[in-house]
Amino acid sequence: GRLEHIDAYYIPVDQHYQPLPIESGEPLQQVCDHFLECVRDNTPSALSSGGVGAHLVQILCALTTSLNQGGEWVTL
């Protein structure tokens, strides 16, 4: 598929749909269980870390700056 630009909007053209498998269960419960397993086993998480969190905050700050500047590109 592709996107067609009309005025300020992008309209999907010739899009194809494919169902994606989704894990059953409560996502927040799964995250909490993973955290507790890491604490119990005294192992670092393969999913997240302080570095990942710090990088996410950096990205969110850049997005805010970009929005405040009318969508200008912001270098990280």
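Figured I'd write up the structure that's included with this text.

Analysis parameters
Residues numbered from 1 in each chain as written. Predicted model: local features only at pLDDT ≥ 70, side-chain atom pairs only at ≥ 80, totals over all residues. Heavy atoms only, no water. Helix = DSSP H or I, 4+ residues; strand = E, 2+ residues; numbered from the N terminus. Rg over C-alpha atoms; globule rule 2.2 N^0.38 Å. Buried < 20%, exposed > 50% of the residue type's maximum accessible area, 1.4 Å probe, protein only. Areas by Shrake-Rupley, 256 points an atom, 1.4 Å probe, with all protein chains shown as cover. Contact = heavy atoms within 4.5 Å. Salt bridge = Lys/Arg side-chain N within 4 Å of Asp/Glu carboxyl O.

A short note on the overall build of the chain
Part 1 of the argument: Counting secondary structure elements, the chain contains two helices and two strands.
Part 2 of the argument: Ordered by position in the sequence, the α and β elements of the chain form the string β-β-α-α.
Part 3 of the argument: Rg of the C-alpha trace for the chain: 19 Å, well past the compact-globule value of 11 Å for 76 residues, more than 25% over.
Part 4 of the argument: In terms of overall dimensions, the chain has C-alpha extents of about 55 × 35 × 15 Å along its principal axes.
Part 5 of the argument: Here the chain holds 76 residues, and 5% of them are scored as buried.
Part 6 of the argument: Approximately 7,200 Å² of the chain is accessible, and the part contributed by carbon and sulfur atoms is 61%.

Observations concerning the side chain of S66
Part 1 of the argument: Structurally, S66 is set in helix 2 (residues 50–68).
Part 2 of the argument: S66 sits in the buried class, given a relative accessible area of 15%.
Part 3 of the argument: Residues in contact with S66, not counting those within four places in the same chain, are G71, E72 and V74.

Considering the pattern of salt bridges
Opposite charge on two side chains allows them to pair when their charged atoms are near.
Part 1 of the argument: One pass over the structure, following the stated rule, counts one salt bridge.
Part 2 of the argument: Across the pair D41 and R40 runs a salt bridge whose closest N-O atoms are separated by 3.2 Å.
Part 3 of the argument: Its relative accessible area of 43% is what places D41 among the partly exposed residues.

So, to be careful, I would describe these as geometric facts and stop short of saying anything about function.
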